[in-house]
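# Survey of secondary and tertiary structure
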Amino acid sequence: MSANDSLDLVIRNADVVTASDRFRCDIGVRDGKIVTLGHGLPQGVREIDAHGLLALPGGVDGHCHLDQPMPEGMRMADDFFTGTRAAVCGGTTTVIPFAAQEKGGSLKAAVADYHRRAEGRAVIDYAFHLIVADPTPAVLADELPALIRKGYTSFKVYMTYDDLKLSDREMLSVLDVARENNALVMVHAENADCISWLTDKLVGEGRIAPRFHGIARPAAVEREATHRAITFAELVDVPILIVHVSGKEAIEQIRWAQGRGLQILAETCPQYLYLTAEDMGLEGDHGYEGAKCVCSPPPRDPENQAAVWRALTNGVFSVFSSDHAPFNYDDPQGKKLGGTAQPFDHIPNGVPGIETRLPLLFDGVARGKLSLHQFVELTSYRPAKVYGLYPRKGTIAVGADADIVLWDPSRKVRIANEALHHAVDYTPYEGMEVTGWPVHCLSRGELLVEDGKYLEPEAGRGRFLEAGAPELS
Ligand code: URP
Ligand code: ZN
Ligand code: ZN
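Residues numbered from 1 in each chain as written. Chains lettered and ligands numbered in written order. Predicted model: local features only at pLDDT ≥ 70, side-chain atom pairs only at ≥ 80, totals over all residues. Heavy atoms only, no water.

## Looking at the coordination of the zinc ion (ligand 3)
Those donors, His63 (NE2), His65 (NE2) and Asp323 (OD), are the protein atoms that reach the zinc ion (ligand 3), and they lie 1.9 to 2.0 Å from it. Read from N- to C-terminus, the donor residues coordinating the zinc ion (ligand 3) fall into the pattern H-x1-H-x257-D. Here the zinc ion (ligand 3) and the zinc ion (ligand 2) are spaced 4.1 Å apart. Of this pair, His63 sits in the loop between strand E6 (59-61) and helix H1 (80-89) while Asp323 sits in the loop between strand E15 (319-320) and helix H11 (357-366), placing them 260 residues apart in sequence. (Donors = N, O, S within 2.8 Å, 3.2 Å for Na, K, Ca; no water. Helix = DSSP H or I, 4+ residues; strand = E, 2+ residues; numbered from the N terminus.)

This is the structure:
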């Protein structure tokens, strides 16, 4: 190796785990890329001994919300700085949040605004999904195809929420644009009319505490919308990805569709493995703390949790994301929007979890519920493929970005919000003990976390990633 070939970094004795392989080697890094994998590599400018640790590709969080523009009076606690700081402290080195169109607004303008929010703030690399809330003829014919060509190859549509939901006809039109332009549509599948009818009924009866959020959004409304979204995908002949699947009823629909040979992909999140409806409040509970766990679809029960764990290992789910939705609890711009006497339907939806995503799933590896390879596949490899970032992200291989997490598989950590790096004032996982935690995290060869300590890299070092075409197989 000549002086020009010298290595910026050598990670020695790495126990490398990818979605398909496990092997021992040294990892050589130059200019932010993995340039060699081998034994006895020459001295690097910097050396890290990975003995006793797993070397995993950095996590790719394919669904998180950071600094998204909110309706008047509401605010997300995390911007691109605090959100990406928390992500990397939890072993995630790429995030894909959402540039969201407002009804009546331009999609292109939403993307430009979102770039301004990210620039100078992100500490790890990021791509954008789009949210299509108003598929006007101009959006469908011009804006969306132009954005897909520029590297925004996935977009989310909502079947619920008044300010975001699309009609069935609009859903079909958006899916058609995805098919024509080789993009991937992510679907939030819950039946809006059923939810608003149930909500009005509950509120009319004075049943307004946070726990009624779960009763207003039963599994049946998720099941019905999941089935309807699958039907649209079949009619248009295009793949879709159903996001944040909460339990067995939606899983049954997805399995049924997959069994028919339809390309229906699915995502689940930590809240459906670790939270239940009881976390939003027990019967007779008139308190407000349950607002901390209000998200949509809502957490269900232990039987549904078990179904979600199973579906992580039998191929139903392709990706495991955080759906990090950072609203403070003790904040009139967060979960207490409008005060604690307001009915449950005023509570901002979503739970924080960008830093705890990987440790919570890895605990399943430690408990024998899924394999190490499945862990890497769900949290890094498949999100990178599906969202057009592979092979730059999602693997440890020559030519890939040196986004590497050195993971201690036996470290026990009791989750405590005061030790997390997001700007949210709570975690729904407070007090839970997990086995496995990231020790060192590298983004493009730069050490951002060392021995669990955040090294305060320059804000804005994170780069925007133009996504390629989705790779679904
Ligand atoms: O409750 C949730 N999931 N909040 C975040 C927004 C979304 O729908 O993903
Ligand atoms: Zn959603
Ligand atoms: Zn979300």
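Still to come is the rest of the account.
## Description of the side chain of Lys156
As for its placement among the helices and strands, Lys156 is situated in strand E11 (residues 154-158). Among buried Asp, Glu, Lys and Arg side chains, Lys156 stands out as unpaired, with Asp323 the closest opposite charge at 5.5 Å. Engagement of the side chain of Lys156 in a polar contact is seen with the side chain of Tyr158, the distance being 3.0 Å. (Buried < 20%, exposed > 50% of the residue type's maximum accessible area, 1.4 Å probe, protein only. Lys, Arg positive; Asp, Glu negative; His and termini not counted. Salt bridge = Lys/Arg side-chain N within 4 Å of Asp/Glu carboxyl O. Polar contact = N/O pair within 3.5 Å; in protein donor to acceptor, adjacent residues only side chain to side chain.)

## Focus on the sheet that holds strand E9 (residues 125-126)
The strand order E6-E7-E9 describes an open sheet built from three strands, whose pairing is parallel. The sheet is open, and its two edges are formed by E6 and E9, each paired on a single side. Where strand E7 (residues 92-95) meets E9, two bridges bridge the pair, whose relative direction is parallel. Considered in E9, the bridge of Thr94 is made with Asp125. Most of the contacts of H1 go to E7, to which it runs at about 140 degrees, and overall it touches E7 and E9. The sheet strands contacting H11 are E6 and E7, and the helix crosses E6 at an angle near 115 degrees. (Pairing = 2+ DSSP bridges. Contact = heavy atoms within 4.5 Å. Axes fitted to C-alpha atoms, helices over the stretch in contact; angles between N-to-C directions.)

## Focus on the pattern of salt bridges
In this structure the tally under the stated criterion is 35 salt bridges. With a closest N to O distance of 3.0 Å, Glu222 and Arg300 form a salt bridge. Of this pair, Glu222 sits in helix H7 (residues 219-236) while Arg300 is found in the loop between helix H9 (271-274) and helix H10 (302-313), placing the two residues 78 residues apart along the sequence. Each member of the pair, Glu222 together with Arg300, is buried. Two residues, Glu377 and Arg382, come together in a salt bridge whose shortest N-O distance is 3.7 Å. Three or more residues are tied together by salt bridges with common partners; here these are Lys33, Asp125, Arg392, Lys393, Asp401, Asp403 and Arg444.

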